[in-house]
Amino acid sequence: MRPLSSPIRPYAWGSRTAIASLQGRPVPSEGPEAELWIGAHPGDPSTLDGASLADLITAEPDRLLGPAVAERFGARLPYLLKVLAAAAPLSLQAHPDSAQAQAAFAAGHPSYVDAYHKPEMLVAVSDFVALCGFRDPALSAAAFDLFELDVLKPVVFALHGGDLRAAMETLIGLPPSVVDEAVAAPGAPELARQLATFYPGDPGVLVALLLNHVTLAPGEAIWMPAGNLHAYLDGTGVEIMAASDNVLRGGLTPKHVDVPELLRVLRFEALDDPVVPAQAVAPGVVTWPAPIAEFALHRVRPDEAGGAVTLPLAGPRVVLCLSGEVSADDGAGAVRLSGGYAAFGAAGPSPVTLTGAGEAYVASVPA
């Protein structure tokens, strides 16, 4: 394996402590640090010995990805691994499925930057607060009843009938003055009040009440397939996704919002339980199953397995050390990693062996 140098995205909602602390740098950082990108996404690829990992894969896809992965996904690493550190709410968003992305990108739709889908999974490192997927409409109806406002009665009516689409379309079209009036109402839920401090007048403040509001404990995950509305609010997590940057936003952001396209791709169905618990697969190793071809994610704690763990992963592999120190060896070379740093291993027959007294996340392509 060979060490990577990975970029940090300075989005305004990022933490000034989480990633810097992880990497042992001075706290607070000079500016917000929102996402550590580890992979070969062309928007901001990691580098290997000073060269773009994306360019290296483009030049030698069979050697670095393996022939089977290169044939299936092309000359691109099909996943992107991140450390996400949110100190303020992220945008209310969803992602298209593969057919939607391919068609919209081919047609030159301005909200699409590539032709790929972006299902994603986030594993909490700290307590992590998120809005994820529509909840039972009856629960949302009860929340909107508390406002006791005539302007929201159509929303309550729609929800009592189980019509999530009608409720969503009504709320997302409300003018800022009505949003502010609702938030100021005595019965306004605390979540709406909190979001309004960041985004006053934004309809997303009320749309948030249609969603599951969860706090993940460290080690719990959420899986967000195509068409599921979500927003991450606070905390640090390890996130893995199909390598795309197609994001359709509906609010809670100063970035580009495309409500018509968001409404087109949304799945208006309740997500009963968005939390995915960790599953132990071997001593010191857990995973979070997801129905996806592009990636698998394992958390490894070698000291829980007597100091060494071997993973039989043949495709392109990325190892991220989250804490302590971990040595990763793929048969082509070993690299020692400390918190917040990662390494890349090309496809090959040898397994990956991790040793040390630390915690690592290993991303790979399922066989």
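Here we summarise the structure given alongside this text.

Rules used in this analysis
Residues numbered from 1 in each chain as written. Predicted model: local features only at pLDDT ≥ 70, side-chain atom pairs only at ≥ 80, totals over all residues. Heavy atoms only, no water. Helix = DSSP H or I, 4+ residues; strand = E, 2+ residues; numbered from the N terminus. Buried < 20%, exposed > 50% of the residue type's maximum accessible area, 1.4 Å probe, protein only. Contact = heavy atoms within 4.5 Å. Phe/Tyr/Trp six-rings, centres within 6.5 Å; stacked < 30°, edge-to-face > 60°. Lys NZ or Arg CZ within 6 Å of the ring centre and 35° of its normal. Core = buried A, V, L, I, M, F, W, Y, C linked by side-chain atoms within 4.5 Å. Arc of directions from axis to C-beta. Polar contact = N/O pair within 3.5 Å; in protein donor to acceptor, adjacent residues only side chain to side chain. 1 Å grid on protein atoms, 1.4 Å probe; cavity = no way out; pocket = protein on both sides within 12 Å on 5 of 7 lines; lining within 4 Å. Points joined across faces, edges and corners; volume = space filled by probe spheres on them. Nonpolar A, V, L, I, M, F, W, Y, C, P; charged D, E, K, R; others polar. Axes fitted to C-alpha atoms, helices over the stretch in contact; angles between N-to-C directions. Parallel < 35°, antiparallel > 145°, perpendicular 65-115°, else oblique. Left-handed = near helix turned anticlockwise from the far one by under 90°. Pairing = 2+ DSSP bridges.

What about the environment of Leu-81?
Now for step 1: Looking at where Leu-81 falls in the secondary structure, it is placed in strand β6 (residues 79–86).
Now for step 2: A relative accessible area of 0% means that Leu-81 is categorised as buried.
Now for step 3: Beyond its immediate chain neighbours, meaning those up to four positions away, Leu-81 contacts Leu-36, Trp-37, Ile-38, Val-238, Glu-239, Ile-240, Leu-297, Val-318, Leu-320 and Ala-363.

Here's the deal with the packing of aromatic side chains
Now for step 1: Scanning all chains against the criterion turns up six aromatic pairs.
Now for step 2: An angle of 35 degrees between the planes, with centres 5.7 Å apart, marks the rings of Tyr-11 and Trp-13 as tilted.
Now for step 3: Of the residues examined, Trp-13 reaches a relative accessible area of 11% and is grouped as buried.
Now for step 4: Ring centres of Trp-288 and Tyr-361 lie 6.2 Å apart, and the angle between their planes is 10 degrees; on these two criteria the pair is classed as stacked. On the criterion of sequence distance, the pair formed by Trp-288 in the loop between β16 (285–287) and β17 (296–300) and Tyr-361 in strand β22 (residues 352–364) is long-range, its members being 73 residues apart.
Now for step 5: Judged by its relative accessible area of 2%, Tyr-361 falls in the buried class.
Now for step 6: Cation over ring: Arg-76 sits above Tyr-116, and NZ or CZ is 3.5 Å from the ring centre.

Concerning the nonpolar core
What tends to happen in soluble globular proteins is that the nonpolar side chains get buried as a cluster.
Now for step 1: By size, the foremost hydrophobic cluster in this structure holds 50 residues, and its most contacted members are Phe-144, Phe-147, Leu-152 and Met-168.
Now for step 2: No other element matches the five residues that helix α8 (residues 164–172) contributes to this core.
Now for step 3: Each residue touching Leu-152, except ones within four places of it in the same chain, is listed here: Phe-144, Phe-147, Leu-171, Leu-174, Ala-182 and Leu-206.
Now for step 4: With 39 residues, the next largest nonpolar core counts Leu-48, Leu-53, Ala-54 and Leu-81 among its residues.

Looking at α8
In an α-helix there are 3.6 residues to a turn, and that puts residues three or four apart on one side.
Now for step 1: Among the residues of α8, Leu-164, Ala-167, Met-168, Leu-171 and Ile-172 are the ones counted as buried. Relative to the axis of α8, the buried residues are bounded by an arc of 115 degrees and lie together on one face.
Now for step 2: Where the residues of α8 are buried, they touch β9 (128–134), α6 (137–145), α7 (153–160), α11 (204–207), β13 (248–251) and α12 (259–265).
Now for step 3: With a side-chain oxygen lying 3.4 Å from the backbone nitrogen of Arg-165, the N-terminal cap of α8 falls on Asp-163.

As for the side chain of Ser-111
Now for step 1: Here Ser-111 shows up in the loop between α5 (98–106) and β8 (120–124).
Now for step 2: Only 2.6 Å separates the side chain of Ser-111 from the side chain of Asp-258, close enough to count as a polar contact.

Re the layout of surface pockets
Now for step 1: In this structure, the largest pocket spans a volume of roughly 500 Å³.
Now for step 2: Tyr-11, Trp-13, Ser-91, Arg-249 and Lys-255 are the residues nearest the centre of the largest pocket, which is lined by 30 residues in total.
Now for step 3: Mapped by element, the contributors of at least two residues to the lining of the largest pocket are β3 (35–39), β6 and β12 (230–242).
Now for step 4: Element by element, the count of residues in the lining of the largest pocket is highest for β12, at three residues.
Now for step 5: Looking at the lining of the largest pocket residue by residue, the classes come out as 17 nonpolar, five polar and eight charged.

Notes on the packing of α7 against α8
Now for step 1: For the pair α7 and α8, the least separation of the axes is 7 Å and the interaxial angle reads 165 degrees. Viewed along their axes, α7 and α8 adopt a mutual orientation that is roughly antiparallel. Crossing of α7 over α8 shows left-handed handedness. Contacts between α7 and α8 involve Val-155, Ala-158 and Leu-159 from the first element and Leu-164, Ala-166, Ala-167, Thr-170 and Leu-171 from the second.
Now for step 2: Here the contact of α7 with α8 is built from residues that sort into seven nonpolar, one polar and no charged.

Quick look at the side chain of Glu-33
Now for step 1: Looking at the element boundaries, Glu-33 is found in the loop between α1 (18–22) and β3.
Now for step 2: Not counting residues up to four positions away in its chain, the partners in contact with Glu-33 are Ile-8, Arg-9, Gly-14, Ser-15, Ile-19, Ala-20, Arg-25 and Ala-85.

Re helix α10 (residues 190–198)
Now for step 1: Along α10, the residues classified as buried are Leu-191, Ala-192, Leu-195 and Ala-196. One face of α10 carries all of its buried residues, which in axial projection span an arc of 130 degrees.
Now for step 2: If you follow the buried residues of α10, they end up packed against β9, α9 (176–184), α11, β10 (211–216) and β12.

Concerning the pairing of β12
Now for step 1: The buried count for β12 comes to twelve of 13 residues, which makes it a mostly enclosed element.
Now for step 2: Examined bridge by bridge, β6 and β12 share eight bridges and lie antiparallel to one another. Bridging from a neighbouring strand, Leu-81 pairs with Ile-240 of β12.
Now for step 3: As paired elements, β8 and β12 share five bridges and run antiparallel to each other. Its bridge partner lying in β12, Met-121 is registered against Ile-240.
Now for step 4: Where β9 lies against β12, four bridges are found, and the strand directions are antiparallel. For Val-129, the partnering residue across the bridge sits in β12 and is Asp-234.

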